[in-house]
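Structural features, examined
Spelled out from the first residue to the last, the chains are:
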Amino acid sequence: VTAPDTAASTPGQRWAAAGLTAFGIAASLQARALPFGGITHPGPGFFPLCLAVALTLVSGALLLVTLRAPLAEAGAARSRRGLVRAAATLAALFVYALALEWIGFGVGTFLLIAFLFRAIEPQPWPVALGGAATTVVVTHVLFRIWLGVRLPTGPWGF
Amino acid sequence: VLDSVAFGFAVAVQPLNLLACFIGVFIGTLIGVLPGIGPVATMSLLLPATFAMSPTASIIMMAGIYYGAMYGGSTTSILVNIPGEAASVITCLDGYRMARQGRAGAALGISAFGSFIAGSLSVLGIMLLAPPLARVALDFGPPEIFALLLIGFTMVTWLSSGSKLKAVAMALLGLFLGTAGLDPITATPRFTFGTLTLSDGIGLVPMIMGLFGIAEVLANIEEGLKQEVFRPRIRGLLPTRQDWKDSAGPIARGSVLGFFLGILPGIGAIIPTFISYAVEKRVSRHPEKFGTGVIQGVAGPEAANNAATGGSMIPLLTLGIAPNVVMAVLLGAFLIQGVQPGPLLIKEHPEIFWGVVASMYVGNAMLLVLNLPLIGLWVQLLRVPYAILFPLVLLFSVIGVYGVAENIWDLVIMLIFGAVGYAMRRLQYEPAPLVLAFVLGRLAEESIRQSLLMSRGSLAILVERPLAGALLGIAVLIMILPAVVGRMRSVVALTRSASTG
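Residues numbered from 1 in each chain as written. Chains lettered and ligands numbered in written order. Predicted model: local features only at pLDDT ≥ 70, side-chain atom pairs only at ≥ 80, totals over all residues. Heavy atoms only, no water.

Here the focus is the packing of aromatic side chains. Applying the stated rule across the entire model yields 11 aromatic pairs over all chains. An angle of 50 degrees between the planes, with centres 5.0 Å apart, marks the rings of phenylalanine 176 of chain B and phenylalanine 191 of chain B as tilted. Here phenylalanine 176 of chain B, found in helix 8 (residues 164-177), pairs with phenylalanine 191 of chain B, found in the loop between strand 2 (189-190) and helix 9 (196-199); they are 15 residues apart in sequence, far enough to count as distant. Each member of the pair, phenylalanine 176 of chain B as well as phenylalanine 191 of chain B, is classed as buried. Through successive ring pairs, a cluster of aromatic residues spans Phe23 of chain A together with Phe176 and Phe191 of chain B. Here the basic side chain of lysine 166 of chain B rests over the ring of tyrosine 429 of chain B, its NZ or CZ set 4.9 Å away from the ring centre. (Phe/Tyr/Trp six-rings, centres within 6.5 Å; stacked < 30°, edge-to-face > 60°. Helix = DSSP H or I, 4+ residues; strand = E, 2+ residues; numbered from the N terminus. Buried < 20%, exposed > 50% of the residue type's maximum accessible area, 1.4 Å probe, protein only. Lys NZ or Arg CZ within 6 Å of the ring centre and 35° of its normal.)

Below, the structure is given as structure tokens:
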């Protein structure tokens, strides 16, 4: 549920509106490079350019609204640890995704699940390692064997 | 119609179609129960499995997954306070409170019965409305389609519960992101940055999984994984007479609301649940009790989301337009089988149309029979602590996205949208307008460009054709209605204060 337009804004909301405006401007510049055509024969750039300009205008208005609204009083501070955990999970997933084809589904998934079990919401080592190994076996059987999903194999063949 | 319905049931009860229906509703319930895995990802994952099936069986199974997920989603909302499916978010408010008060059985029971009643009514609605609508749909050209989509965009932005500016910005962003890939008319690459992955456009499944699945898990992780696993004793699944008395109105209103809202493009099953909850709160004599565990807060939204699944089938079956993301995947299942849904579907493939519609009734009955005894099994599944569950949810999301095209970059796109979705939650931006505009954007572009080509650049074509003009009028009405109502209310308030002063 979002706040109404007149509510106080946080610095994050101001940055978000500024970011959206910047995205709109960049999108407009990119869309300008495409053939625009004309109103009688709209080209590939017609719709994207119209949308990008509209996005810039709406985001700009949003930025103005957030800047004019009173700055929200600092509420209960969010848990820094919670943020770090979420960021670490996302980073681990990015590394996993980018390394998956090099190291294969089996090894990559074992490392990812062991990391998530052990580092994000710490479980004892046997639970983390046993859980990771079980997950690899179950997903291998379920997805690779039963459903025939072609998962990356890596140099070890699994 | 009666002959056609009888024919549909004859098709639906053929052994293979019955089996497909059972598999669909069972898998649907399972993924509805499990948080983070929604019907879109599951249906996408199972698309290749439908190659070997008949067109009727494959569509029956896919549809079963969708409405089965609506049943399953409420179980997790009620027992664990985590929506198993996005359309069950609102059920958490009162369903979980009821469970805490020892009324988990009543909440689960009324949810199942309400879903069955709403699902059955929506099937009846399809049977009565789809054939005449299909005849009207034959008159739909690009201007009418664009005007219809405009209604969808207007609904999704103006029905958003908070900042309208943010909702409009998200819808525009969704439309813009939908333009990436090859131009639909000239095949010119747009915003592909020379990559093969983007030449097909941004994948729908990675985007959805990122914005909803990954973002949800990240938010839960940030909050410290404190979603406790409630261990209620499930008793009394059959609602009492008082429960029925309290729920009859909400179920009836939720069914009608969900069905008709579900027909509109851009609405889906989520928005009707919020509107149903708001309506029930508005008509209740004790609105202050909502959120504390009242059965009306469960019955109305659960009926609405099931009725919406039926309603959303109508634009797909009669116009060939996917009104929401799940229907887009179902459209893919139709196309894989070489069947084009649209105005001619009833005439050219009556066995698919009537078979699928009748199977939805059979599937709803299966779900009721299946779910009451299986509640215990779902509860066992939910007793897995979230600290153990979340890595598995993330992994299933990864496999689901990778399995669609076996492309690592789809995973990267999913994670980027996961990060964006997480930030959007924190900054109070709603993802629904973005996703729905993204889904409908390509069709909107095609239809407006074709309209301009037809009219040699005159936008008047959108108002000169009667059907397009009427649809455009509805869109404008939806746009200005909140302002007019607000203005009228303030005038009435001023008049009252002047007369009392």
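Having seen the structure, we can now continue with the description.
The next thing to look at is the interface of chain A and chain B. Counting from both sides, the interface comprises 63 residues of chain A and, opposite them, 65 residues of chain B. With both chains or domains summed, chain A and chain B bury close to 5700 Å², and 78% of this area falls on carbon and sulfur atoms. Between the two partners, chain A and chain B, sit 1 salt bridge. The shortest N-O distance in the salt bridge between glutamate 406 of chain B and arginine 150 of chain A comes to 3.1 Å. Our count for the contact surface shared by chain A and chain B stands at 6 residue pairs in polar contact (both at pLDDT 80 or more). When residues of the side of chain A that touches chain B are traced back to their parent elements, those giving at least two are helix 1 (11-32), helix 2 (46-68), helix 3 (80-103), helix 4 (105-120) and helix 5 (125-146) of chain A. With 13 residues, the top contributor of residues to the side of chain A that touches chain B is helix 3 of chain A. Partitioning the side of chain A that touches chain B into residue classes produces 44 nonpolar, 13 polar and 6 charged. (Contact = heavy atoms within 4.5 Å. Buried area = accessible area lost by both parts, 1.4 Å probe. Salt bridge = Lys/Arg side-chain N within 4 Å of Asp/Glu carboxyl O. Polar contact = N/O pair within 3.5 Å; in protein donor to acceptor, adjacent residues only side chain to side chain. Nonpolar A, V, L, I, M, F, W, Y, C, P; charged D, E, K, R; others polar.)

Next up on the list: the pattern of salt bridges. Residues and elements named next belong to chain B. Counted according to the given criterion, the structure contains 8 salt bridges over all chains. Across the pair arginine 103 and aspartate 243 runs a salt bridge whose closest N-O atoms are separated by 2.7 Å. Here arginine 103, found in the loop between helix 5 (91-100) and helix 6 (104-137), pairs with aspartate 243, found in helix 11 (residues 241-263); they are 140 residues apart in sequence, far enough to count as distant. Take arginine 103: its relative accessible area is 30%, and that puts it in the partly exposed class. With its nearest N and O atoms 3.3 Å apart, the salt bridge here joins arginine 190 to aspartate 183. The same class applies to arginine 190 and to aspartate 183, which are both buried. Each of Asp183, Arg190, Glu445 and Arg449 takes part in salt bridges that share partners, so that together they form one network.

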